[in-house]
Amino acid sequence: MDSVQGMTTATTVPRITAIAAAALLAAAGLSSGAASAAPDTTYYSVPFSPALYVLGEIVEDEVEVRVASYEEWSADGTPAPVPAPTTYKAYEWSPHVFAELELGEYGYAEHLSYEQWLAGGAKTPTRNSLIVGTELLRYDTSPALLVLNPYERADSPLHTLTFGQWQRLGSPAPTYMTNMGFQKLSWSPVITYMTDLAAGVGGPITLEDWSSAGYPQPQVVSRYASDSFCVVPGSPDVRYAGPGYPDPIVLTYPQWRAAGSPRPTAC
């Protein structure tokens, strides 16, 4: 399936006018900068680490965040670093603490280790607002809101908000995943992730995929738009193929009835 919680190797953040602006790309970690910095490069210091952060390539209002190497900082004349305004945040359903940084006009967050949290002063994180970059996803197949925090560990599942949690975060508007979502046939245990509900385009997901997506409740349907039912001439068996079964299977009579008793074509 297309990853619901995709991670990339680049650490990129968008231009912001407020620190709560949503990040569009995921962050899998900082990379060590090897290239020489431009003369006007700003080096940012942070309270939880001796590392100096710099902004890299900017593409369509998104920028790479790097840790500067000592060599590039020295070659640039060892300019005094600018302290990055830092806020510590966490979510009430998670034990993880994040440092939310303002790097000029860009926002960035970092998932802190326990040692980093101690180095930053062991400050109590706030829990009543979205961490920069977090998006609330709502699929067409469910009213549930899934929390996507791109700075979370790659192996951490998405979280389904309760109504109370959503209210305490300020009732933020979700990003609608139009014509997409999770479904399953009423007569089958297979859950599918659909990228085009109208056309019936999608495929089965594994338990691991479902877990990482936060166990979203699938919409139960009797048919997909791309279903096919056929019989081999001379055989009474109805063969079915669809998003959950790319390789055709032979249906039982109850399964065929649950699908609406469609008239099969010739295989």
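Structure: above.
**Q** Got a minute to help me understand the sheet that holds strand E13 (residues 175-177) in this structure?
**A** Paired through their backbone hydrogen bonds, the strands of a sheet run either parallel or antiparallel. Taken in spatial order, the 4 strands make up an open sheet running E12-E11-E10-E13, and their pairing is mixed. Looking at strand neighbours, the two that pair on one side only are strand E12 (159-160) and E13, the edges of this open sheet. Bridge count for strand E10 (residues 135-139) against E13 is 3 bridges, and the pairing is parallel. Following the sheet pairing, Leu137 is matched in E13 by Thr175.

**Q** Is there a simple way to explain the pattern of salt bridges in this structure?
**A** Under the counting rule described, the total for this entry stands at 4 salt bridges. Ionic pairing is found between Glu72 and Arg66, a salt bridge with its closest N-O pair at 3.2 Å. Among the residues examined, Glu72 registers a relative accessible area of 2% and is labelled buried. Overall, the relative accessible area of 13% leaves Arg66 in the buried class. A salt bridge links Glu92 to Arg168, with the nearest nitrogen and oxygen atoms 2.9 Å apart. Here Glu92, found in the loop between strand E7 (86-90) and strand E8 (97-103), pairs with Arg168, found in helix H3 (residues 163-168); they are 76 residues apart in sequence, far enough to count as distant.

What counts and what doesn't
- Residues numbered from 1 in each chain as written.
- Predicted model: local features only at pLDDT ≥ 70, side-chain atom pairs only at ≥ 80, totals over all residues.
- Heavy atoms only, no water.
- Pairing = 2+ DSSP bridges.
- Helix = DSSP H or I, 4+ residues; strand = E, 2+ residues; numbered from the N terminus.
- Salt bridge = Lys/Arg side-chain N within 4 Å of Asp/Glu carboxyl O.
- Buried < 20%, exposed > 50% of the residue type's maximum accessible area, 1.4 Å probe, protein only.

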